[in-house]
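Here is how the chains run, residue by residue.
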Amino acid sequence: MATIYGLQEISSGRPVAGLRLLRLRVIAGIHLAKKDIFGASDPYVKIILYKGERNKDEIDVIQTKTIKKTLNPKWYEEHLFRVNPAANRILFEVYDENRMTRDDFLGLVEIPLVHTHIPEETRGRTLPPKDYILRPRSARSRVKGHLRLYLAYVNENVSDNTPTTLVTPGTPVTPETPETPGTPIPQPVLQPQPQPSQNEPGWEMVDVAQSMRALMLAGNEDNNQQTETDTETDTDIVEVDESNIEVEEEEPLPEGWEEREDVHGRKFYVNHERRTTQWERPNEQNLLPSGWDERTDANGRVYYVDHNTHVTQWERPTVASLSGDEREVTASAVRQLYALRRHVSLDDTIEHNDTNIRTSSNSENETQSDTPSSGQEEEDPLPAGWTQSTTEAGRAFYIDHNTRKTSWDDPRHPRHHRTSSLRTPAPHGVERSSSNVDLLKDLGPLPAGWEERMHADGRTFYIDHNTKKTQWEDPRLQKLGGPAVPYSRDYKRKYDYFRSKLRKPENVPNKVDIKVSRKSILEDSFRVVMGFSNTNLLKTRLWIEFQGEIGLDYGGVAREWFYLLSKEMFNPYYGLFEYSATDNYTLQINALSGFANEEHLTYFKFIGRVAGMAVYHGKLLDGFFIRPFYKMMLGKQITLQDMESVDSEYHNSLKWILDNDPSVLDLYFSVSEETFGKMHEVELKPGGENVQVTDDNKAEYIDLVIKWRFVSRVKNQMRNFMAGFNEIIPCDMLQMFDENEVEVLIFSYIAISLG
């Protein structure tokens with residue numbers, strides 16, 4: 001007799017109530033983690049029966065044999081445990097045997113018997129094994145793979161506890177290749193039935209239906225002939241009288257089900273709607289309602305999913321258990337979910353007239369007549385390699401495992417099919433399909449500074465970075481409205497969206513070679529970068545090579561090139577830029593750059609190209625500019641507050657003029673400018689030398705002074721800089737950022753560690 005582990009059947013002289021005999025088989029491990037650096041693992045399984053806390057209330061512990069050098073071990077070991085399902089847990093721990101150090105942990109499977117559905121073995125019934133995901137013991141554990149186990153309760157009232165075979169429907173099992181080593185080939189089983197009188201020696205009562213199937217499988221034409229079955233001691237003979245056979249008429253199968261037989265003559269049932277099979281005959285009592293699905297969690301517990309209401313439960317629902325009202329509610333939920341997922345809503349149809357745009361209203365009958373049958377829709381299978389899933393907000397989407405892509409559109413109904421199913425528009429009407437992409441594909445890109453995002457509930461909203469506001473309606477359509485989503489200055493999301501809009505040009509080589517010398521990096525880079533008439537070449541991979549240095553550029557050399565080149569470009573020694581009045585590290589454009597370099601405008605275009613290349617390739621430049629410089633890049637107006645960080649004395653003077661009456665200063669609409677030691681007057685507007693600044697026009701005077709100080713003097717240099725920058729990065733793509741974010745985008749910040 002096999003050894004029984006676990007609890008004792010009799011404790012303190014009394015039988016213990018609630019105990020059951022559990023048969024478990026440790027069959028195999030699948031794709032276990034590799035912990036041994038010298039080769040494959042030597043895995044074994046430790047089986048622990050415990051009550052309460054793990055490692056404290058252990059009842060019994062056994063261990064399987066060790067399988068050498070494999071990550072897919074096969075144990076095929078069977079053990080019997082006497083357990084209390086209401087209080088006991090079984091723990092399977094997989095280890096890699098190591099003779100030098102302690103054994104390595106490969107994962108565990110914990111099964112609480114009270115929450116796990118474990119079937120009971122019955123003669124003639126085939127129970128399949130299950131694959132359990134191996135779980136880590138702690139956050140530091142590195143595990144993977146599955147553990148294939150067989151768990152079933154044994155009926156101790158039956159004298160013959162022959163284990164149930166592990167075969168799935170349609171899997172042939174031959175004597176040469178059994179499903180499990182040591183498992184006998186399943187034969188037709190003659191199950192004993194209760195009998196009021198005592199059996200005669202050598203005879204036993206058998207089930208008529210099973211006997212008939214056994215005789216037909218044996219190939220006997222005569223249903224009344226004797227069937228010989230070998231036993232351990234003698235031969236039993238079964239006689240069947242065909243005249244006394246009363247076959248009970250079975251109920252017809254539900255719609256969508258089919259009865260089949262495998263190669264061993266065993267009946268199983270196919271559900272063509274869900275594409276599943278099962279041994280039990282389906283009927284109204286055990287059939288799941290429409291929209292329900294049976295699943296098993298990682299611990300082997302069976303639960304049920306209602307796809308109509310997106311809820312789960314432990315109890316098994318049946319069609320018979322639902323009342324008529326509940327069935328109608330379920331069917332209505334299915335139709336509503338189908339309509340939301342597939343068809344046109346009231347907000348999706350608009351009509352134009354001479355005065356306004358209004359939402360067309362349709363009667364319920366019209367909507368129903370336009371909506372095809374959901375039952376017909378659900379019967380259409382998805383194409384090969386496609387699956388359907390839902391988001392957290394309940395919106396359905398489709399996964400193409402062939403191309404590893406996802407789509408909102410149902411692959412069974414392409415867009416042109418859906419468009420053709422819409423109603424015929426009314427006279428002078430404009431109609432759109434259920435997909436926003438279909439509606440907006442011909443409206444062109446979003447306006448400058450706008451961004452499209454997806455809300456948590458799946459709805460699309462739009463962000464205006466110019467005014468820092470959000471809205472539901474598309475700015476290209478200006479139709480619907482709703483509560484605004486709070487504006488978020490989330491630079492990372494802006495940057496990710498910005499990067500997603502950068503497209504690699506077509507019909508260009510994979511890389512561009514730039515060979516420079518460290519000693520003359522500015523001149524060599526100027527010659528190479530400005531030598532490209534097709535600026536799309538500068539958007540390909542940059543392959544930088546310094547003279548006399550041979551190496552592979554995987555990003556580090558290009559990063560160094562941008563760093564060294566920016567130090568030279570922004571060096572005030574070359575006369576293109578100068579330090580601001582407040583410090584020696586914030587730069588501004590030199591208004592007198594033309595005196596230092598006759599080709600200064602070409603150099604500013606070159607610097608703009610380099611700045612655009614740095615943004616496009618995700619590199620940073622070494623330099624910081626005054627805040628008005630970034631505002632000029634965005635085309636924003638410069639205010640008095642922007643001057644405070646550039647020239648605090650000048651700012652204080654203009655601030656005093658704004659707060660007081662400037663008539664006592666005898667100021668005019670002109671400023672004095674020094675050029676190489678000579679002073680000359682510059683009119684802020686035509687005839688400004690003769691226009692005195694008063695309390696009425698002082699605001700205009702301050703605006704003109706700020707414009708002259710930051711814009712007018714350097715407008716040619718700035719225009720060429722932006723021309724070079726926009727050859728790489730379109731100007732409208734910068735509008736989603738503010739001036740602070742543009743500085744981070746191009747130059748970032750230097751983090752100084754004092755540790």
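A. Expanded view of the overall build of the protein. Across its full length, the protein holds 17 helices and 34 strands. Out of the 755 residues belonging to the protein, those deemed buried represent 38%. Total accessible area on the protein is roughly 44600 Å²; 48% of this is exposed by carbon and sulfur atoms.

B. Up close: the environment of Ala 152. For Ala 152, the position within the fold is in strand β11 (residues 146–154). Exposure remark for Ala 152: the relative accessible area of 0% places this residue in the buried category. Ala 152 sits 72 residues away from Leu 80 along the chain, and the two C-alpha atoms are 10.0 Å apart. Setting aside its immediate chain neighbours within four residues, Ala 152 contacts Leu 21, Leu 22, Arg 23, Ile 118, Pro 119, Glu 121 and Leu 127.

C. Representation of the packing of aromatic side chains. Scanning all chains against the criterion turns up 27 aromatic pairs. Centre to centre, the rings of Phe 570 and Phe 577 are 5.4 Å apart; their planes meet at 80 degrees, and the pair counts as edge-to-face. On the basis of relative accessibility, which here comes to 6%, the residue Phe 570 falls in the buried class. Among the aromatic residues, ring-to-ring pairing joins Phe 570, Phe 577, Phe 604, Phe 625, Phe 629, Tyr 630, Phe 721, Phe 725 and Phe 747 into one connected group. The ring of Trp 708 has Arg 713 lying over it, and the distance from NZ or CZ to the ring centre is 5.0 Å.

D. How the structure looks around the nonpolar core. Counting 84 residues, the largest nonpolar core has Trp 561, Phe 606 and Met 633 as the members making the most contacts within it. Val 26, Val 94, Leu 149 and Tyr 153 belong to the second-largest nonpolar core, a separate cluster that totals 26 residues.

E. Broad picture of a nonpolar patch on the surface. A cluster of nonpolar side chains, contributed by Trp 656, Val 664 and Leu 665, occupies part of the molecular surface with about 310 Å² of accessible area. Relative to the helices and strands, Val 664 resides in the loop between α14 (648–659) and β33 (670–675). Residue classification places Val 664 among the exposed residues on the basis of a relative accessible area of 69%.

F. How the structure looks around the pairing of strand β15 (residues 267–271). Most of β15 is tucked away, with four of its five residues classed as buried. Between strand β14 (residues 257–261) and β15, which pair antiparallel and follow one another directly, the connecting turn spans five residues, one of which, Gly 265, has a positive phi of 85 degrees. Relative to strand β16 (residues 276–278), β15 is paired through three bridges, and the arrangement is antiparallel. Considered in β16, the bridge of Val 270 is made with Thr 277. Between the antiparallel neighbours β15 and β16 lie four residues, among them Arg 275 with a positive phi of about 60 degrees.

G. Just the sheet that holds β14, in detail. Strand order in this open sheet of three strands is β14-β15-β16, and the pairing throughout is antiparallel. The open sheet terminates on both sides in strands that have one partner only, identified here as β14 and β16. In this sheet, neighbouring strand axes are inclined to one another by 30 degrees on average, regardless of whether the strands run parallel or antiparallel.

H. Representation of the pattern of salt bridges. On inspection of all chains with the given rule, the structure shows 27 salt bridges. Lys 494 serves as the salt-bridge partner of Glu 741, at 3.1 Å between the closest nitrogen and oxygen. Taken as a pair, Glu 741 in helix α17 (residues 739–746) and Lys 494 in helix α7 (residues 491–501) lie far apart in primary sequence, 247 residues in all. For Lys 494, a relative accessible area of 1% puts it in the buried group.

I. Region of interest: unusual backbone geometry. Despite not being glycine, Tyr 76 shows a phi value in the positive range, around 55 degrees. Here Tyr 76 lies in strand β7 (residues 74–83). Judged by relative accessible area, which is 29%, Tyr 76 ranks as partly exposed. Even without being glycine, Lys 468 reaches a positive phi, approximately 55 degrees. Looking at the secondary structure, you find Lys 468 in the loop between β26 (460–464) and β27 (469–471).

J. Spatial organisation of the packing of α7 against α17. With their axes 12 Å apart at the nearest point, α7 and α17 run at an angle of 60 degrees to one another. Classified by the interaxial angle, the pair formed by α7 and α17 is oblique. The chirality of how α7 crosses α17 is right-handed. Contacts between α7 and α17 involve Tyr 491, Lys 494, Tyr 495 and Phe 498 on the former and, on the latter, Glu 741, Val 744 and Leu 745.

K. Layout of the sheet that holds strand β10 (residues 130–133). The mixed open sheet is built from five strands, whose spatial order is β1-β7-β4-β11-β10. The sheet terminates laterally at β1 (4–6) and β10, the two strands that pair on one side only. Pairs of neighbouring strands in the sheet enclose a mean axial angle of 40 degrees, with direction left out of account. Here strand β4 (residues 20–30) runs beside β11; their pairing, made up of nine bridges, is antiparallel.

L. Structural detail: the side chain of Gln 735. Relative to the helices and strands, Gln 735 is located in the loop between α16 (715–726) and α17. Since its relative accessible area comes to 18%, Gln 735 is described here as buried. From its side chain, Gln 735 meets the backbone oxygen of Cys 731 in a polar contact 3.4 Å long. Ignoring any residue separated from it by four or fewer positions in sequence, one finds Gln 735 in contact with Ala 448, Gly 449, His 465, Asn 466 and Leu 634.

M. Representation of the environment of Asp 738. Tracing the sequence through the fold places Asp 738 in the loop between α16 and α17. Residue Asp 738 is classed as buried on the basis of its relative accessible area, which comes to 6%. Sequence separation of Asp 738 and Gly 449 is 289 residues, and the distance between their C-alpha atoms is 10.0 Å. One polar contact links the side chain of Asp 738 to the main-chain amide nitrogen of Glu 741, over a distance of 2.8 Å.

N. Layout of helix α8 (residues 521–529). Among the nine residues that make up α8, seven are buried, leaving the element largely enclosed by the rest of the structure. Looking at α8, one finds that the buried residues are Ile 521, Leu 522, Asp 524, Ser 525, Phe 526, Val 528 and Val 529. On its buried side, α8 packs onto β28 (511–516), β29 (541–546), α9 (556–569) and α11 (600–616).

O. Structural detail: the packing of helix α12 (residues 627–634) against α17. Where α12 meets α17, the closest approach of the two axes is 9 Å, and the angle between their N-to-C directions is 95 degrees. The angle between the axes of α12 and α17 places the two elements in the roughly perpendicular class. Across from Arg 627, Tyr 630, Lys 631, Met 633 and Leu 634 in α12, the residues of α17 making contact are Glu 739, Asn 740, Val 742, Glu 743 and Ile 746. Among the residues making up the contact of α12 with α17, the classes are represented as five nonpolar, one polar and four charged.

Definitions and limits used
- Within each chain, residue numbers correspond to sequence positions counted from 1 in written order.
- In keeping with the predicted nature of the model, local features appear solely for residues at pLDDT of at least 70, side-chain atom pairs appear and are counted solely at 80 or more, and the whole-chain, interface and lining totals rest on all residues.
- Working from all heavy atoms in the structure, the side-chain values ignore hydrogens and water.
- For helices the rule is a DSSP run of H or I covering at least 4 residues; for strands it is a run of E covering at least 2, with both sets numbered from the N terminus onward.
- Throughout this description, buried means an accessible area under 20% of the type-specific maximum (1.4 Å probe, protein chains only), exposed means over 50%, and partly exposed covers the range between.
- Throughout, the Shrake-Rupley method with a 1.4 Å probe supplies accessible areas, and for residues the shown protein chains are the sole cover considered.
- Note on contacts: a residue pair is in contact if any heavy atoms of the two residues lie within 4.5 Å.
- Two aromatic rings from Phe, Tyr or Trp, using only the six-membered ring of Trp, form a pair when their centres are within 6.5 Å; if the ring planes differ by under 30 degrees the pair is stacked, by over 60 it is edge-to-face, and anything between is tilted.
- Lysine and arginine charges are scored as sitting over a ring when NZ or CZ, respectively, is within 6 Å of the ring centre and within 35 degrees of the ring normal.
- What we call a nonpolar core is a set of buried Ala, Val, Leu, Ile, Met, Phe, Trp, Tyr and Cys residues that are connected through their side-chain atoms within 4.5 Å.
- Here, patches come from residues exposed beyond 30% relative accessible area and free of salt bridges, joined within 9 Å for like charges and within 5 Å for nonpolar side chains (Val, Leu, Ile, Met, Phe, Trp, Tyr).
- Salt bridge, as used here: a side-chain nitrogen of Lys or Arg that lies within 4 Å of a carboxyl oxygen of Asp or Glu.
- Two strands qualify as a pair provided DSSP detects at least 2 bridges between them.
- Only the stretch in contact is used when a helix axis is fitted, and all axes are lines through C-alpha atoms; the angle between N-to-C directions ranges over 0 to 180 degrees.
- The scheme is simple: roughly parallel for angles under 35 degrees, roughly antiparallel for over 145, roughly perpendicular for 65 to 115, oblique for anything else.
- Crossings are sorted by hand: turned counterclockwise from the far helix by less than a right angle, the near helix makes the crossing left-handed, and turned clockwise it makes it right-handed.
- Any N or O atom pair separated by 3.5 Å or less is treated as a polar contact, with the protein-specific requirement of one donor-capable and one acceptor-capable atom, and with residues adjacent in sequence counted only for side-chain atom pairs.
- In the scheme used here, Gly and all other residues not listed as nonpolar or charged are polar, with Ala, Val, Leu, Ile, Met, Phe, Trp, Tyr, Cys and Pro taken as nonpolar and Asp, Glu, Lys and Arg as charged.

No statement about biological role is implied by the geometric values presented.
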